[in-house]
Each structure stands twice: as C-alpha cells, then as structure tokens.
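Analysis of the macromolecular model
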Amino acid sequence: MSGSCQGLSRRAALRWSAARLRDGGLREVDGDARFLLLGVLGLETRDLLVDGDTRLAGHEAAALDAALARRLGGEPVARILGAWEFWGLPFRLCPETLVPRPDTEILVEAALAAVPDRDAPLRCLDLGTGSGCILTALLHERPAATGFGVDRSVAALRIARANALANGVGRRAAFLAGDWCEALRGTFDLVVSNPPYIARAVIPTLDREVQIHDPLGALDGGEDGLDAYRRILDGVRSGALLARSGTLAVEIGFDQADAVRELALAAGFTDRGLRRDLAGHDRVLSFGLADGLSTGHRDA
C-alpha cells in the first residue's frame, strides 16, 4: 500500500495506517498505528471515539504520513514520538535515553515494597538514570521522598530533569553528571539501577531497532554483561552509600540472577529476594547490608 492518508477521517486514517504498516511487513500494527495517530495528532482516545469522523487537516495528514514512513524504515514508535509512558506517567526521550520498558516497572515495585510506608522520608539514588523514569516513579509514589539521579550523559540528565518537573516531583529531585558512584557522598534508603547488562558479543545479534536506535552505552555491559554490577556493588559498598536498613535493587538480564547474586554476596551484601517479570523471567534482585559490617557512614 502506498499513497497518503490525505482526506481521510481519523477513524479511516487509523485503519489505513494499520494496513500500510501490515503491508510493510511489520507486526503489532494495530497498536503502532493507534500510538502514532494519537501521538502525532495530539489526540486522546476519547477524541477518536467521539470525533472519529473528523477529517484530517492537510498538515495532520502530512505529519502522519511522515511518521508512518519512519516506522516502515525501522524506527521504533517511541523514538518517532519522542515520548513514552512508564508507571502511568509520560516521559520525554532523547537519543541518549532508553525507551522505558514495562519490565522495568518490576524494579519500581521491588523498591516500593522494600519501604511500604508511603509517607516515609526516604532518600533515593538512581544510578544510570537515563530518562529519570525510575526515580520519578518512586518520588511520585512516595511524596515525602527525595532523590538523586546520576548519569554520564548530560543530554539524558536534561531530559530526566524535564521529566521530573513535568510529573510534579522536580522540587524533590536532583540530577548529577557522574560515573556510577564516583564522588557521591551520604547514605540512601533506596539505591536502584537498571544498568547496561548485555554482553558485548550479543549486541550485534539484537533486533536492528535496538542496535540502531538505542544508545550503546545503555546496552553494553562488557565482555560478560556484568561490568556495571561490579562498579555499582563496589561503589555502593566502598562509598558507604546504603543506609543500615536500606535496600539496593537492580534490574538484571533473564540469565544473570546467579552471577549477580554471587557478586553481591562477595561484596558484603545479603540477598533480599528475586522478582520475576510478567513473562516469568528473572528481572530484579534486591540486596541489603550484611549484618555486622560497618557502613562507614558519611555526612551528605
């Protein structure tokens, strides 16, 4: 199918868009077509339901045609829209940030479960914050909490800051440029991270959409995929960043639970459990400090 959605109603444009994507060999075309139409035209679902017979203006049809062409060229929907939803909240993206994934919501769930008191005055630390989605979700759920997001990418930090502000937690969040735990001071009740954990040799085998459009630094976990975990565990431990009763929670690859757990136990942490994602894959490990080991607390 070729041509344009020029002159079509919103409802007809949705059907036409799905057909065009299907003819282009893509999967999950109905969802992609809906996300693109609503996102590009700035509509809500109710607009499609109530005013579905409204015809697209010329500039709207041109914008949707351009978005469909990009999707057919292999660009992910979230990259085309420059935004995505996580934990029910909207997040802007940039080339230096990953697209937030539903699996990462398991990390938020694990962190919140570690401190069930909604009004607890927590101090949170998000290592490799990217779009800031994890930290923003935590602060959204814990109104008395404050937090720091750390990332090596200044561009990502700008987006993270904008996302925190847009979601109403900006006054309780600060974002710092840094390399994992280096130069951090103070103790935190929650330390969370979704670090790069793909083994370097595996990256060329990933879907082309991931290889081309996701930032390499957010994927490459080194030769065995565990480099970031080593840095995080060593930095949190040697920097005394975790409070005595605090929790460190990290997202992991589906086959990394045993290896990451072994690294954590060797570094002086205790295992506080594993959570699986909706597909049943190992997804998040939580740790605390081993009894009797000093944290060497520092002032913030």
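Residues numbered from 1 in each chain as written. Predicted model: local features only at pLDDT ≥ 70, side-chain atom pairs only at ≥ 80, totals over all residues. Heavy atoms only, no water.

All right, on to empty space enclosed by the protein then. Tallied over the entire structure, the rule returns one cavity of 30 Å³ or more. In this structure, the largest cavity encloses a volume near 30 Å³. Lining the largest cavity are Y229, I232, L233, L248, V250, V260 and F287. Residue assignment for the lining of the largest cavity shows that the elements contributing at least two residues are α10 (227-238) and β7 (242-251). For the lining of the largest cavity, the element with the most residues is α10, which contributes three residues. Looking at the lining of the largest cavity, its residues break down into seven nonpolar, no polar and no charged. (1 Å grid on protein atoms, 1.4 Å probe; cavity = no way out; pocket = protein on both sides within 12 Å on 5 of 7 lines; lining within 4 Å. Points joined across faces, edges and corners; volume = space filled by probe spheres on them. Helix = DSSP H or I, 4+ residues; strand = E, 2+ residues; numbered from the N terminus. Nonpolar A, V, L, I, M, F, W, Y, C, P; charged D, E, K, R; others polar.)

Next up on the list: the pattern of salt bridges. Going through the model one piece at a time under the given rule, you end up with 22 salt bridges. Across the salt bridge formed by D53 and R11, the nearest N and O atoms sit 2.8 Å from each other. Here R11 lies in helix α1 (residues 10-23) and D53 lies in the loop between α3 (45-50) and α4 (58-72), a separation of 42 residues in the sequence. For D53, a relative accessible area of 62% gives the class exposed. With a shortest N-O distance of 3.1 Å, R276 and D282 are connected by a salt bridge. (Salt bridge = Lys/Arg side-chain N within 4 Å of Asp/Glu carboxyl O. Buried < 20%, exposed > 50% of the residue type's maximum accessible area, 1.4 Å probe, protein only.)

So, about the UniProt feature "domain: Release factor glutamine methyltransferase N-terminal" (unreviewed entry) in the protein chain. Within the UniProt annotation, "domain: Release factor glutamine methyltransferase N-terminal" (unreviewed entry) is assigned to residues 13-82. Between the C-alpha atoms that bound residues 13-82 the distance is 21 Å, and the span itself is 71% helix and 0% strand. (UniProt positions renumbered as here; feature names shortened; annotations may be inferred.)

As a further point, take unusual backbone geometry. Unlike most non-glycine residues, E28 shows phi in positive territory, near 50 degrees. Relative to the helices and strands, E28 resides in the loop between α1 and α2 (29-41). A positive phi angle, near 70 degrees, is found at A183, a position not held by glycine. You can see A183 is positioned in the loop between β5 (173-177) and β6 (188-193). Here A183 falls in the exposed class, since its relative accessible area comes to 71%.

Time to look at the UniProt feature "binding site: substrate" (unreviewed entry) in the protein chain. According to UniProt, the "binding site: substrate" (unreviewed entry) feature falls on N194, P195, P196 and Y197. For P195, the position within the fold is in the loop between β6 and α9 (208-213). When its relative accessible area of 2% is taken as the criterion, P195 is described as buried. Leave out the neighbours within four places in its chain, and P195 touches W180, A228, Y229, I232 and E251. Relative to the assigned elements, P196 resides in the loop between β6 and α9. Not counting residues up to four positions away in its chain, the partners in contact with P196 are W180, G217, A218, L219, D220, G221, G225 and A228. (Contact = heavy atoms within 4.5 Å.)

Examined at the domain level, the protein chain breaks down into domain 1 (8-81) and domain 2 (95-289). Taking only C-alpha atoms, the centre of domain 1 and the centre of domain 2 are 33 Å apart. Roughly 530 Å² of surface becomes buried between domain 1 and domain 2 when both sides are summed, with 47% attributable to carbon and sulfur atoms. Our count for the contact surface shared by domain 1 and domain 2 stands at two salt bridges. One salt bridge connects R79 with D214, and the closest N-O pair in it is separated by 2.9 Å. Summed over the shared surface of domain 1 and domain 2, the result is four residue pairs in polar contact (both at pLDDT 80 or more). When the residues that make up the side of domain 1 that touches domain 2 are grouped by side-chain class, the tally is two nonpolar, one polar and three charged. (Domains from an automatic or database assignment. Buried area = accessible area lost by both parts, 1.4 Å probe. Polar contact = N/O pair within 3.5 Å; in protein donor to acceptor, adjacent residues only side chain to side chain.)

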